[in-house]
Amino acid sequence: MNKGARISIVLVSAAVAVGLILFGIFGYLRTYPPTVVFTPSPTQPHTVDVTLQVEGAVGTGPHPNWVGWYAKDAQGKWVRTTLYQVPEKTYVHVTVYEYDSGGPLRNPYWGKITGTVGNDAVLNGKEVSVLDAAAGNGVAHTMVAPALNLSVPMWGLSGTEKTFCQSGPCTLANAHNTETFTFYTGNHPHNYRWQCFIPCGAGFLNGNGGPMAETGYMAGFWKVVA
Ligand SMILES: [Cu+2]
């Protein structure tokens, strides 16, 4: 085999190797974090139940100390993700278990509940339409999807609770607040971006880096599908 043929074999093999590596990396990026799919039961069309939890330290993955969210999948397993797929024209009944400490809001407006059925939520069994973050343990995180007009603040805990969850996924044996609300997905299938509006990325510039800037922690999508 002459020199030219050998060089081209080496170059082609190198290109194939690089291609495979890039395909692997981008394949991983395309599917990470995973999307949890919520489907209605046959007896209850146009409604889905979504159970989420949010905590001060997710406890798993590349950043175990970051704040973040989990979703319960169809098998009842907690999946660390912020990507939730729901059908269009559907009432989404959301239950959030909140395990993190809270504080006053930089903007009290974020304490208002909007975009839910009734513009309210039920916090630990009590109906609420606004959370006064200047009182009590304040607000820990918010679930805000601007294009759905959805904005729901999550009431915080005291960090000194005896059973405070230090590392996720947390269990109901840990101190928590339970908040439920319902929103309608509408008839425009779309990936609706959502994020927490509280700069909760402790240790990052103005609290806005790290988990605030990464899908899977404090930002994600409600994927509304036809
Ligand atoms: Cu947050």
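Above this text is the structure in question.
Residues numbered from 1 in each chain as written. Predicted model: local features only at pLDDT ≥ 70, side-chain atom pairs only at ≥ 80, totals over all residues. Heavy atoms only, no water.

### Here's the deal with the overall build of the chain
- When helices and strands are tallied, the chain shows 1 helix and 13 strands.
- Going from the N terminus to the C terminus, the chain shows its helices and strands as α-β-β-β-β-β-β-β-β-β-β-β-β-β.
- Taken over the C-alpha atoms alone, the chain extends approximately 80 × 45 × 30 Å along its principal axes.
- Residues classed as buried in the chain amount to 44% of the 226 residues present. (Helix = DSSP H or I, 4+ residues; strand = E, 2+ residues; numbered from the N terminus. Buried < 20%, exposed > 50% of the residue type's maximum accessible area, 1.4 Å probe, protein only.)

### Comments concerning the sheet that holds strand 2 (residues 47–55)
- Here 7 strands make up an open sheet; going across it, the order is 4-3-2-6-11-7-8 and the pairing mixed. The open sheet terminates on both sides in strands that have one partner only, identified here as strand 4 (78–79) and strand 8 (126–128).
- Here strand 2 runs beside strand 3 (residues 68–72); their pairing, made up of 4 bridges, is antiparallel. The residue bridging Val-54 from the neighbouring strand is Trp-69, located in strand 3. (Pairing = 2+ DSSP bridges.)

### Digging into the packing of aromatic side chains
- Counted by the stated rule, this structure contains 9 aromatic pairs.
- Between Trp-66 and Phe-204, the aromatic rings sit 5.8 Å apart at their centres with planes inclined by 90°, giving edge-to-face as the arrangement. Residue Trp-66 is located in the loop between strand 2 and strand 3, and its partner Phe-204 is located in the loop between strand 12 (190–195) and strand 13 (219–225); the two are separated by 138 residues in the primary sequence.
- Since its relative accessible area comes to 14%, Trp-66 is described here as buried.
- Residues Trp-66 and Tyr-217 carry aromatic rings whose centres are separated by 4.9 Å and whose planes lie at 70° to one another, so their mutual orientation is edge-to-face. Separated by 151 residues along the polypeptide, Trp-66 in the loop between strand 2 and strand 3 and Tyr-217 in the loop between strand 12 and strand 13 bring together distant segments of the chain.
- Residue Tyr-217 is classed as buried on the basis of its relative accessible area of 0%.
- In this structure an aromatic cluster arises from ring pairing among Phe-38, Trp-69, Tyr-84, Phe-183, Trp-194 and Trp-222. (Phe/Tyr/Trp six-rings, centres within 6.5 Å; stacked < 30°, edge-to-face > 60°.)

### So, the coordination of the copper ion
- Taken together, the protein ligands of the copper ion are His-141 (ND1), Cys-196 (SG), Cys-200 (SG) and Met-218 (SD), with distances of 2.1 to 2.6 Å.
- With 4 donor atoms in place around the copper ion and angles of 94 to 125° between them, the coordination shape is tetrahedral. (Donors = N, O, S within 2.8 Å, 3.2 Å for Na, K, Ca; no water. Tetrahedral: all angles 85-135°; square planar, octahedral: opposite > 155°, others 65-115°.)

### A closer look at the side chain of Glu-98
- Topologically, Glu-98 is positioned in strand 6 (residues 91–98).
- In this structure, Glu-98 is buried with no salt-bridge partner, the nearest side chain bearing the opposite charge being Arg-80 at 16 Å.
- Polar side-chain contacts of Glu-98 include one of 2.8 Å to the backbone nitrogen of Asp-100.
- Those residues in contact with Glu-98 that lie beyond four places of it in its chain are Val-54, Ala-140, His-141, Met-154, Trp-155, Gly-156, Leu-157, Ala-175, His-176 and Asn-177. (Lys, Arg positive; Asp, Glu negative; His and termini not counted. Salt bridge = Lys/Arg side-chain N within 4 Å of Asp/Glu carboxyl O. Polar contact = N/O pair within 3.5 Å; in protein donor to acceptor, adjacent residues only side chain to side chain. Contact = heavy atoms within 4.5 Å.)

### Quick look at the pairing of strand 2
- A large share of strand 2 lies buried, amounting to 8 of its 9 residues.
- Relative to strand 6, strand 2 is paired through 8 bridges, and the arrangement is parallel. Looking at strand 6, one finds that Val-54 is bridged to Glu-98.

### Regarding the pattern of salt bridges
- Applying the stated rule across the entire model yields 1 salt bridge.
- For Lys-89, the salt bridge goes to Glu-88, with nearest N and O atoms at 3.7 Å.
- Judged by relative accessible area, Glu-88 falls into the buried class, the value being 17%.

### A short note on the nonpolar core
- Ranked by size, the top nonpolar core spans 41 residues in total, and within it Trp-69, Met-143, Phe-181 and Trp-222 carry the most contacts.
- With residues near it in sequence (within four places) discarded, Phe-181 still touches Val-92, His-93, Val-94, Val-96, Thr-116, Asp-120, Ala-121, Met-143, Leu-150, Val-152 and Met-154. (Core = buried A, V, L, I, M, F, W, Y, C linked by side-chain atoms within 4.5 Å.)

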